[in-house]
Amino acid sequence: MKSNLHCSATNCAFNQTGGCYASQIKVEGFDAAITPETYCNTFRDKDNFNMTNYHGDTSLTSTQNISCSANKCTYNSYGACNASHVDINFENSSCETFVTR
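### Focus on the overall build of the protein chain
Reasoning step 1: Along the protein chain, the regular secondary structure elements total zero helices and nine strands.
Reasoning step 2: For the protein chain, the succession of helices and strands along the chain, N to C, is β-β-β-β-β-β-β-β-β.
Reasoning step 3: Computed over its C-alpha atoms, the radius of gyration of the protein chain comes to 13 Å, within 12% of the 13 Å expected for a compact globule of 101 residues.
Reasoning step 4: Overall size of the protein chain, expressed as C-alpha extent along the three principal axes, is 40 × 25 × 20 Å.
Reasoning step 5: For the protein chain, with 101 residues in total, the buried portion stands at 42%.
Reasoning step 6: Restricting the contact set of the protein chain to residue pairs at least 6 apart, pairs at least 24 apart contribute 68%.
Reasoning step 7: For the protein chain, the exposed area adds up to about 5900 Å²; of that, 49% sits on carbon and sulfur atoms.

Given below as structure tokens:
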């Protein structure tokens, strides 16, 4: 199954070959004006998070499963993401799809 969400944060426990298996993610950055001010709040460092103890649904995540608090983002529609494709950054798990309104 393909997803329109691509995650480059290979150190995230939910990332499996670029796909996110957190079932849903939350992008934070309430007052973000630039991309580095956003971040995936669902990110869990795989060295410190044990997926075998995780009891949530681990379906492949798509943009329909993203809640977003970045109020100044073009793709934020009442707290939901309406981008056709989302990329999460490797280095700081920021939302690379962020575009200021």
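### Considering the state of the cysteines
Reasoning step 1: Taken as a whole and judged by the stated rule, the model has zero disulfides.
Reasoning step 2: Left without a disulfide partner, Cys40 is nearest to the cysteine sulfur of Cys12, which lies 6.3 Å away.
Reasoning step 3: Residue Cys95 stays outside any disulfide, its sulfur separated by 6.2 Å from that of Cys73, the closest cysteine.

### Re the pattern of salt bridges
Reasoning step 1: All told, the structure shown has one salt bridge when counted by the stated rule.
Reasoning step 2: In this structure, Lys26 engages Glu28 in a salt bridge whose closest nitrogen and oxygen atoms are separated by 3.7 Å.
Reasoning step 3: For Lys26, a relative accessible area of 35% puts it in the partly exposed group.
Reasoning step 4: Classification of Glu28 as buried rests on a relative accessible area of 17%.

### Re the confidence of the model for the protein chain
Reasoning step 1: Mean pLDDT over the protein chain works out to 91, with 91% of the residues at or above the 70 mark.
Reasoning step 2: Confidence, read as mean pLDDT per element, is least for strand β2 (residues 15-16) in the protein chain (91) and greatest for strand β5 (residues 39-40) (97).

### Quick notes on the environment of Glu37
Reasoning step 1: Mapped onto the fold, Glu37 is located in the loop between β4 (25-28) and β5.
Reasoning step 2: Accessibility expressed as a relative area gives 40% for Glu37, which makes it partly exposed.
Reasoning step 3: A sequence separation of 28 residues divides Glu37 from Ala9, and the C-alpha atoms of the two residues are 16 Å apart.
Reasoning step 4: What Glu37 contacts, discounting residues up to four positions off in sequence, is Glu28, Gly29, Asp31 and Ala32.

Definitions and cut-offs
Residues numbered from 1 in each chain as written. Predicted model: local features only at pLDDT ≥ 70, side-chain atom pairs only at ≥ 80, totals over all residues. Heavy atoms only, no water. Helix = DSSP H or I, 4+ residues; strand = E, 2+ residues; numbered from the N terminus. Rg over C-alpha atoms; globule rule 2.2 N^0.38 Å. Buried < 20%, exposed > 50% of the residue type's maximum accessible area, 1.4 Å probe, protein only. Contact = heavy atoms within 4.5 Å. Areas by Shrake-Rupley, 256 points an atom, 1.4 Å probe, with all protein chains shown as cover. Disulfide = S-S within 2.5 Å. Salt bridge = Lys/Arg side-chain N within 4 Å of Asp/Glu carboxyl O. pLDDT = per-residue confidence, 0-100.

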